[in-house]
Amino acid sequence: MKQILSWLRELWRKGAAILPKGLYARSALIVIAPMVILQGVLTYVFMERHWQLVTTRLSTVLTQDIAALIDLYGADPQPGSAAALSRIAQDRLKIDADFLPKSALPPALPKPFFSIVDAALSNEIRRQIGRPFWLDTVGRSNLIEIRIQLDDATLRVVANRSAAYASNSHIFLLWMVGASFVLIIVAIAFLRNQIKPILLLAGAAEAFGKGRDPDFRPRGAREVRQAGNAFIEMKRRIERAFEQRTAMLNGVSHDLRTILTRFKLSLALMGESDETQDLQKDVEEMQRMLEAYLAFARGDAGESASQVDMHDFLEDLRLDAERNGHDAKIEFTGDPIVAVRPDAFKRCLANLIGNAQSHAKHIAIEASRDQRFLTIHVDDDGPGIPPSAREDVFRPFFRLDESRNQDLGGTGLGLAIALDIARSHGGDIGLTDSPLGGLRATVRVPV
C-alpha cells in the first residue's frame, strides 16, 4: 500500500511539473480537458454501440436478401428463373444480382484497416449462407460487390454501400467536433475577458509597489471587482498614512529647527570660548542627526516616478565623487531610460557612494539594465564590512566599530535610508565582497 501511495505521489509530482503555471492556461485547461474527454467518450460509445449496431443490422438485412435469392434459385434452377430473379432484385431489393457461369473466385483482397461494413458483412455471409464468397468494400467507394460460389453458378451482387453501412453517421461526428470547436473558441475568449481584470489588478499592485501611481479601475466579475476596490482602498489608506506622517514630521521639523536656531543665536551672543565651541559642535551634530532622521522617516514618499536617463544620472554622481577628491569610474550597459523617483533614487545611490567615499580611495559604479531589472553595483577598495554584520548595517542608528572609522560623525541612517528607498521602488540592496577588495553594494530594482 505504501509503495502504491509513493508511486501515486511521484506520478502527481511529475504531472504537476508538466501542467501550465499561468492562470489563463490553467483555466483554459479546466474548460477544454473535460470537453475533450467527453467528446472522446461519446465518440467511442457512438462508434462501438450505435454505429456498429446499425451497420450490423443493415448487413444482416442485405445478407438475408441475398440468401433469399440463392434459395429461390436453388428451388428453380432454370435459365429463365435467373433472369427473373435478377429483375426482381433490381426492382424490389435495389441490388444488381447476376448468376454467372461457375468459376473460381478472385483472390482475396487485403482487409481495410478500419471498416465496420467489411467485418459485419463477412460475419453475416458466413452465418446465413455458409458458402465460399469474395467481398470488395474498397474498390468502388459507393458500391459493394459480393461474389458467392454456388453449386452450378456464381452469384455476383452489387449493392449500394448505404444498404449495408450507416453512411451518414460521420455527419453526427462532424457536427459534434465542429460544435465543440466553436464552444472552445467562445470559452477561450470568455476566459480572456475574465482573466484580463486580474492581470490589470496585478499590474497596478506591482506599479504601486514600485512607487508609481497607476490608473486603475476595477473591472470584471464581482469577486474581481471586490479585490480591485480593496486594493484601491488599501492604496488610499497607505497614501493617507504617508500624508499624515509627512505632515507630522514637517511640524516636528519646524519646531525642532526653531529651537536649534534659538540655541545658535544664544551661542553667538555668548561669545567665543571653549564651552561655546563644544556646545556649537553639539548643536551642529544635533542638526545633522535631525536632518538624517527626517529624511529617513519621510522617505521622499510624495515624489512621483518619471523617466530618467540613468547614464547621465550616474555621471552626475561620478562628478560629485570626483569633486570630493575620489577616483570614480562608471560603466553602463543596456537601455538607459528607466522610470524611478529621481530625487529619492539619487539619495539612495548618493548614500551608498558616500559610504564608499568615507572608507575608500577608489570607487567603481557598474550598472546594467535588462528586460526586468536595473542593477547597479557600487564597488570600493576600503576595508569592507564583515559578513556577519552586513544585515545589521541596514538597521537605523546601527554603527560599526572603529574599522569603518565612525569618528567622522555618521548617524547610522545612510544605508537604512538607501534600503528604504530601494524597497519603495520594489527592489532591494545587497552587500557582498567587491572585486576591488572592499565592499560591493548592489541595488536591484524592477523596471
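Before any of the text, the structure's been laid out above.
Residues numbered from 1 in each chain as written. Predicted model: local features only at pLDDT ≥ 70, side-chain atom pairs only at ≥ 80, totals over all residues. Heavy atoms only, no water.

Asker: Tell me about helix α8 (residues 310-323), and name the residues and values.
Answerer: The first and last C-alpha atoms of α8 sit 20 Å apart over 14 residues, in line with the 20 Å expected at 1.5 Å per residue. Listed as buried for α8 are Met310, Phe313, Leu314, Leu317, Arg318 and Ala321. With its buried residues spanning 135 degrees around the axis, α8 presents them on a single face. Structurally, α8 contributes buried residues whose contacts are with β5 (306-309), β6 (327-333), β7 (337-340), α9 (342-359), β8 (362-369) and β9 (373-380). With a side-chain oxygen lying 3.1 Å from the backbone nitrogen of His311, the N-terminal cap of α8 falls on Asp309. Looking one or two residues past α8, Gly325 carries a phi angle of roughly 85 degrees, positive in sign. (Helix = DSSP H or I, 4+ residues; strand = E, 2+ residues; numbered from the N terminus. Expected span 1.5 Å × (residues − 1). Buried < 20%, exposed > 50% of the residue type's maximum accessible area, 1.4 Å probe, protein only. Arc of directions from axis to C-beta. Contact = heavy atoms within 4.5 Å. Polar contact = N/O pair within 3.5 Å; in protein donor to acceptor, adjacent residues only side chain to side chain.)

Asker: Describe in detail the sheet that holds strand β11 (residues 439-446), supporting the description with residues and values.
Answerer: Strands sit in the order β6-β8-β9-β11-β10 across an open sheet of 5 strands; the sheet is mixed. Each edge of the sheet is formed by a strand with only one pairing partner; in this case those strands are β6 and β10 (428-433). Ignoring which end each strand starts from, the neighbouring axes of this sheet average 15 degrees apart. As defined by bridge partners, β8 adjoins β9 across 7 bridges and the pair is classed as antiparallel. Bridging from a neighbouring strand, Ala364 pairs with Asp379 of β9. Across the sheet, α8 lies against β6, β8 and β9, angled at about 175 degrees from β6, the strand it touches most. (Pairing = 2+ DSSP bridges. Axes fitted to C-alpha atoms, helices over the stretch in contact; angles between N-to-C directions.)

Asker: Residues and numbers for the pairing of strand β3 (residues 143-149), please.
Answerer: Examined bridge by bridge, strand β2 (residues 133-136) and β3 share 4 bridges and lie antiparallel to one another. Directly across from Asp136, in β3, lies its bridge partner Glu145. Two elements, β3 and strand β4 (residues 153-160), share 7 bridges in a ladder whose sense is antiparallel. Along β4, the bridge assignment pairs Ile148 with Leu155.

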